[in-house]
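So the chains spell out like this:
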Amino acid sequence: MAALPLARSFASSSSSSLLFSNLASSPSTSLSFLATSSLSLSASTNYSYASPLLPSPRRVSSLCSTSSSSSGRLVVSAAEKKKVLIVNTNSGGHAIIGFYFAKELLSKGHSVTILTVGDEASDKMKKPPFSRFSEIVSAGGKTVWGDPAEVAKVVGGESFDVVLDNNGKDLDTVRPVIDWAKSSGVKQFLFISSAGIYKPTEEPPHLEGEVVKASAGHVGVEQYLAEVYESWAVFRPQYMIGSGNNKDCEEWFFDRIVRDRPVPIPGSGMQLTNIAHARDLSSMLTLVVENSSAASGNIFNCVSDRAVTLDGMARLCAQAAGKSVNIVHYDPESIGIDSKKAFPFRNMHFYAEPRAAKDILGWKGTTNLPEDLKERYEEYVKIGRDKKPMEFALDDKILESLKVPVAA
Amino acid sequence: MARLVAVQQQNRPASFSALPSSFSDFNGTRLHTSIQYKRKVYQPKGALHVSASSSKKILIMGGTRFIGVFLSRLLVKEGHQVTLFTRGKAPITQQLPGESDQDYADFSSKIQHLKGDRKDFDFVKTSLAAEGFEIVYDINGREAGEVAPILDALPNLEQFIYCSSAGVYLKSDYLPHFETDAVDPKSRHKGKLETESLLQSRDVNWTSIRPVYIYGPLNYNPVEEWFFHRLKAGRPIPIPNSGLQITQLGHVKDLATAFIRVLGNEKASKQVFNISGDKYVTFDGLAKACAKAGGFPEPEIIHYNPKEFDFGKKKAFPFRDQHFFASVEKAKSLLGLTPEFSLVEGLTDSYNLDFGRGTFRKEADFETDDIILGKSLVTA
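Source: prediction; values computed, not measured. (Residues numbered from 1 in each chain as written. Chains lettered and ligands numbered in written order. Predicted model: local features only at pLDDT ≥ 70, side-chain atom pairs only at ≥ 80, totals over all residues. Heavy atoms only, no water.)

All names here are of chain A. In this structure, Ile86, Phe101, Leu190, Phe235, Val288, Phe300 and Leu361 are the most contacted members of the largest nonpolar core, which totals 42 residues. If near-sequence neighbours (up to four positions away) are discounted, Leu190 is found in contact with Val162, Val163, Leu164, Asp165, Ala233, Phe235, Val288 and Val289. By size, the runner-up hydrophobic cluster in this structure holds 40 residues, among which are Tyr198, Trp252, Ile275 and Ala320. (Core = buried A, V, L, I, M, F, W, Y, C linked by side-chain atoms within 4.5 Å. Buried < 20%, exposed > 50% of the residue type's maximum accessible area, 1.4 Å probe, protein only. Contact = heavy atoms within 4.5 Å.)

A large share of strand β2 (residues 111–117) of chain A lies buried, amounting to six of its seven residues. The parallel pair strand β1 (residues 83–88) of chain A and β2 of chain A is bridged by helix α4 (residues 95–107) of chain A, and the resulting crossover is right-handed. (Helix = DSSP H or I, 4+ residues; strand = E, 2+ residues; numbered from the N terminus. Right-handed = clockwise from strand over helix to strand, strands pointing away.)

All names here are of chain B. Taking 1.5 Å per residue, twelve residues should reach 16 Å; helix α6 (residues 190–201) reaches 16 Å between its end C-alpha atoms and fits that length. Gly191, Lys192, Leu193, Thr195, Glu196, Leu198 and Leu199 are the residues of α6 that are buried. Contacts from the buried residues of α6 go to α5 (144–153), β5 (159–163) and β7 (206–211). (Expected span 1.5 Å × (residues − 1).)

Attention now moves to helix α10 (residues 278–290) of chain A. Residue and element names in this part refer to chain A. In this model α10 runs 18 Å from its N-terminal to its C-terminal C-alpha over 13 residues, within 8% of the 18 Å that 1.5 Å per residue would give. In terms of burial, α10 is largely enclosed, as eleven of its 13 residues are buried. Among all positions of α10, only Ala278, Asp280, Leu281, Ser282, Met284, Leu285, Thr286, Leu287, Val288, Val289 and Glu290 are buried.

Let us look at the sheet that holds strand β12 (residues 307–309) of chain A. Strand order in this open sheet of three strands is β9(A)-β12(A)-β6(B), and the pairing throughout is antiparallel. With partners counted over all chains shown, the strands left at the sheet margins are β9 (272–273) of chain A together with β6 (174–175) of chain B, one partner each. Relative to β12 of chain A, β9 of chain A is paired through two bridges, and the arrangement is antiparallel. Pairing of Leu272 of chain A across the sheet is with Thr309 of chain A, part of β12 of chain A. (Pairing = 2+ DSSP bridges.)

Residue and element names in this part refer to chain B. Looking at chain B as a whole, its pLDDT mean stands at 88, while 84% of the residues score no less than 70. In the model, residues 31–52 has pLDDT below 50 throughout and makes 79 contacts with residues more than four positions away in sequence or in other chains. Predicted complex, confidence summary: ipTM 0.84, pTM 0.83. (pLDDT = per-residue confidence, 0-100.)

Here we come to unusual backbone geometry. One can expect most non-glycine residues to show negative phi and most peptide bonds to be in trans. In this structure, the amide linkage connecting Pro128 of chain A to the following residue, Pro129 of chain A, adopts the cis form with an omega of 0 degrees. Note the cis peptide between Leu175 of chain B and Pro176 of chain B, where omega equals 10 degrees. Its location among the elements puts Pro176 of chain B in the loop between β6 and α6. For Leu218 of chain B, which is not glycine, the phi dihedral falls at a positive 80 degrees. Note on placement: Leu218 of chain B falls in the loop between β8 (213–215) and α7 (224–232). One non-glycine residue, Lys270 of chain B, adopts positive backbone phi at about 60 degrees. Following the sequence through the fold, Lys270 of chain B ends up in the loop between α8 (252–261) and β12 (271–275). Take Lys270 of chain B: its relative accessible area is 43%, and that puts it in the partly exposed class.

In this model, chain A carries an average pLDDT of 85, and 80% of its residues clear a pLDDT of 70 or more. Note on residues 1–72 of chain A: pLDDT under 50 across the span, and 126 contacts to partners over four residues away in sequence or across chains.

For the structure on display, the rule yields 39 aromatic pairs over all chains. On the basis of an interplanar angle of 90 degrees and a centroid distance of 4.7 Å, the ring pair of Tyr239 of chain A and Phe345 of chain A is categorised as edge-to-face. With Tyr239 of chain A in strand β7 (residues 239–241) and Phe345 of chain A in the loop between α13 (339–342) and α14 (355–361), this pair connects stretches of sequence that are 106 residues apart. With respect to burial, Tyr239 of chain A and Phe345 of chain A carry one shared label: buried. On the numbers, 4.9 Å between centres and 50 degrees between planes, the contact of Phe283 of chain B with Phe317 of chain B is tilted. (Phe/Tyr/Trp six-rings, centres within 6.5 Å; stacked < 30°, edge-to-face > 60°.)

Attention shifts here to the pattern of salt bridges. Residue and element names in this part refer to chain A. Summed over the entire model, instances satisfying the criterion amount to 48 salt bridges over all chains. Put simply, Glu222 and Arg236 hold a salt bridge, and the shortest N to O gap is 2.6 Å. Of the two residues, Glu222 is situated in helix α8 (residues 217–228) and Arg236 in strand β6 (residues 231–237); the sequence distance between them amounts to 14 residues. Residue Glu222 shares its accessibility class with Arg236, and that shared class is buried. In this structure, the salt-bridge partner of Arg256 is Asp395, at a minimum N-O distance of 2.6 Å. (Salt bridge = Lys/Arg side-chain N within 4 Å of Asp/Glu carboxyl O.)

Residue and element names in this part refer to chain B. Inspection of the secondary structure assignment puts Thr86 in strand β2 (residues 81–86). Relative accessible area serves as the criterion here: at 10%, Thr86 is assigned to the buried category. With near-sequence residues (within four places) excluded, Thr86 lies in contact with Gly62, Thr64, Ile92, His113, Leu114, Lys115 and Gly116.

With that settled, the discussion passes to the packing of α4 of chain A against α10 of chain A. Residues and elements named next belong to chain A. In contact at an axis separation of 8 Å, α4 and α10 are set at 55 degrees when each is read in the N-to-C sense. Looking at the two axes, α4 sits oblique to α10. α4 and α10 meet at a crossing whose hand is right-handed. Residue-level contacts link Ile96, Ile97, Tyr100, Phe101, Glu104 and Leu105 of α4 to Ala278, Arg279, Leu281, Ser282, Ser283, Leu285, Thr286 and Val289 of α10. Across the contact of α4 with α10, the residue classes break down as nine nonpolar, three polar and two charged. (Axes fitted to C-alpha atoms, helices over the stretch in contact; angles between N-to-C directions. Parallel < 35°, antiparallel > 145°, perpendicular 65-115°, else oblique. Left-handed = near helix turned anticlockwise from the far one by under 90°. Nonpolar A, V, L, I, M, F, W, Y, C, P; charged D, E, K, R; others polar.)

Residue and element names in this part refer to chain A. Ordered by their spatial adjacency, seven strands build an open sheet running β3-β2-β1-β4-β5-β6-β11, and the pairing between neighbours is parallel. The open sheet has two edge strands with one neighbour each: β3 (142–146) and β11 (298–302). Going across the sheet, the axis of each strand differs from the next one's by a mean of 20 degrees, ignoring polarity. Where β2 and β3 come together, five bridges link them in parallel fashion. Residue Thr113 lies in a different strand from β3, and its bridge partner there is Lys142. Lying over the sheet, α4 contacts β1, β2, β4 (162–166), β5 (188–192) and β6, oriented at roughly 165 degrees with respect to β1.

This is the structure in C-alpha cells:
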C-alpha cells in the first residue's frame with residue numbers, strides 16, 4: 001500500500017494529498033506515520049512536497065467561501081440531481097443508515113438504488129429496515145440484492161454519480177466496490193466507517209483528524225479511498241435510534257423498565273456515549289451529496305450534538321416510558337461477565353462530536369433524546385414488545401452475584 | 001507578551017500540538033487532518049476592526065487579580081483608555097512573569113485607577129457618571145444589585161460585558177451545555193443568573209461570557225496548583241470516585257482574547273457565550289496532563305469514595321464531582337474564536353510562568369489527602 005495520505009482542506013486528490021503545510025507545527029504527525037506503517041515515502045520526502053501548493057479551482061472556491069457568510073460556504077447548488085447507489089449491509093446497527101438515506105434522497109428528487117448484500121429471500125430480510133423496503137420502492141427507488149464484489153453485475157451495468165458503501169469493515173470487502181466505482185466513472189464515493197476506530201483518549205471528544213487504531217479494518221478502507229479517489233468523504237458514526245433499526249438500542253432499556261426489572265449498567269454509569277437519531281446521519285450524508293465540492297476529502301463524525309451518560313440514557317428511557325428506573329452498577333471483571341454481551345454500549349467513554357460537518361457544511365443536528373425516545377417508546381408499545389415474554393439470563397446472573405432482587 | 005494579542009492568524013489546529021498532547025500519539029495512525037473547519041476562524045473580520053480602530057474609555061470592575069490583569073493589558077495595547085475600579089486592597093499593577101520592564105512600565109503609566117467599594121452604590125453612580133465610561137467590563141460582579149447602579153450611571157453606555165459562569169447551567173446527563181440550555185435558579189451562581197436577567201431587562205447592549213474552569217498563571221483558584229503541589233511533593237493524587245468525570249479548562253489568556261473579541265462586535269450584542277478549552281478532560285486525564293506540563297513522572301492516582309470520609313469544612317478535591325463541560329462552538333462560529341492553548345500547552349504555560357518559578361497562591365495542604373490515604377497527620 002502506498003503512503004498514508006494527509007488530506008487537508010486544499011489537498012483532496014490522491015497525489016496532492018501528501019501535500020500539507022504547517023509541518024513545523026505538527027511534528028507528531030509525521031512521527032506517528034513512521035511508527036506505524038511501511039511507508040514508501042519518508043518524512044523528509046513528505047517535506048519536499050510541502051512547498052507551494054497551487055489549489056485547484058475547486059479548492060479555491062471552497063477557500064474563498066471563508067469570507068462569505070455562513071450560508072455562502074455551500075458551493076454546489078442542491079438543484080443538481082444525482083444517481084446514487086447505496087451498498088447496504090444486511091444486518092447490524094448500521095443497516096438503518098441506508099434506509100433513512102435512501103428515503104431522504106428520494107424525497108429530494110435524487111434517484112436511488114439500494115444494493116443489499118446477500119439474498120432477497122434470506123431470513124435477514126424479514127427484519128427491519130428490510131421488511132420496510134417497499135417504502136423505498138414506492139418512493140421511486142430501486143432495490144437489488146447481491147454480492148458487492150460483483151457490483152457491476154448486480155446493478156445491471158448501470159452507472160451512478162455517487163456511491164455510498166454502508167457495508168464493508170475492511171479493505172477486502174470494499175475495494176472491489178471502490179475499484180468498480182472509479183472505473184465506471186462514479187464521481188463521489190462515500191464510506192461509512194466507525195467512530196470506534198478512534199484511539200481511546202482522556203481528552204474527549206474524538207475529533208476528526210485525531211489518532212485512530214492502525215489495526216482497525218475501516219482504517220485500511222479510509223486510506224485506500226483517500227489515495228485513489230478524487231471526491232470522497234468518510235463518515236464515522238456511533239450509536240443510532242430510529243424506527244426501522246435492525247439492532248436494539250433503546251429497546252434494551254425499555255425491555256427492563258416496562259417489566260420493572262433493575263437495569264444493570266457496568267462501571268460507574270458515568271461513561272459518555274453518543275446516540276443519534278438516524279435522521280441526523282441521513283441529513284449529514286445528504287448534505288455531503290449535495291455539496292460534494294465542499295465536503296470532498298473530509299472525515300465526518302456522523303453523530304449527534306451531544307453525549308449522554310449510560311445512567312442518563314437509562315433515566316431518559318424511563319422518563320419516556322413514564323416509569324421509574326432502578327439502575328444497578330456492577331464491575332464486569334469481578335463477577336466474570338463479558339459486558340459486551342451483557343450491555344449494548346461500550347464500557348468506557350466513547351464520545352465523538354460532529355464538528356467537521358457543522359463547520360464545513362453548516363450541518364445542524366436535530367436529535368433530541370428526551371423527545372425522540374418518547375416516540376420510540378410509543379412504537380415499542382404499539383408493536384407489543386412490552387408484552388413479549390423475554391429471558392434475562394445474563395441480567396439474572398449479574399443481579400444474583402450482587403444479591404439484588406429481580407422484582408421491586 | 002506577544003501571545004496575549006488576538007491570535008486570529010494562528011491556525012494551529014486544536015487536535016495538533018508541538019507537544020505530544022494527546023496521550024496516545026505514536027502507536028496509532030493520524031490519518032487525515034481535516035483542518036477545514038479552521039477556516040471559520042477567519043470569518044467576521046469586519047466587526048473586530050471596527051472596535052480596534054476607535055479608542056474607547058473603558059471601565060473594568062476589578063482587574064487586579066487574574067482575568068483582568070491580562071484583559072487590561074490587551075485593552076491598553078489596543079489603544080483604549082482603561083480604568084480599574086477596585087478598593088485598592090491589592091496593588092493596581094503587578095509585573096507579570098516574562099513581561100519586560102519596558103512593557104510593564106508602559107502599561108503602568110497608562111492604566112488608571114478609580115478607588116472605591118462597588119457595594120457603595122451611591123459612590124458607584126456618581127463616580128461613574130462623572131467619568132462617562134463608554135464600555136464596562138464587569139469581571140468581579142456577583143449580584144444583580146451591584147450592576148444596576150452602573151447601568152443607572154451610564155445611560156449612554158455602548159456595551160456592558162459581563163463575566164458570568166457556566167456554573168449557572170442546570171446539572172444534566174445530556175452534555176455538553178449549550179448557551180440555550182436550562183439554567184439552575186438555585187445554583188451557587190444564581191447571582192450571575194440574576195445579573196444576566198437584569199441586563200436582558202434593561203435597554204443596554206450587553207454581552208455575557210460563561211467560562212468553565214479558568215486556569216493559567218496567577219490563578220487564585222487552586223485548579224492546576226492543587227495538582228502541582230502534590231506532584232512536586234511526590235504524593236499520590238487522590239481523585240473521588242471513578243476519575244472518569246469530565247471537566248473542561250480554559251486558559252485565562254484565551255478568555256482575555258474572548259473578552260476583546262466581543263468588544264464593539266455586533267455579533268456579540270445581547271448574546272451569551274460559553275468560553276473555554278476546545279477539548280474536555282477526565283479528572284484522571286487532568287492529573288496526567290499536569291504532570292506532563294511540569295515535567296513530572298506519571299502520577300499515582302488513588303480513587304476513593306468521598307462518602308466514606310468526613311473532611312469537615314475542607315474541600316478534598318477542587319472540582320465539582322460530576323461531568324461539567326460546555327460547548328464553545330457558538331463563540332467559534334459567530335466570533336471566529338478558537339482557543340490558542342491546548343490543555344498540556346496551557347498547563348505548561350501556567351507552570352513555567354507561575355508554579356514552576358516557586359510562586360503559588362495557597363500553601364500546600366495535604367490534610368484531606370492524608371485522611372484518604374489513611375496516614376496519621378504530621379504536624380509541621
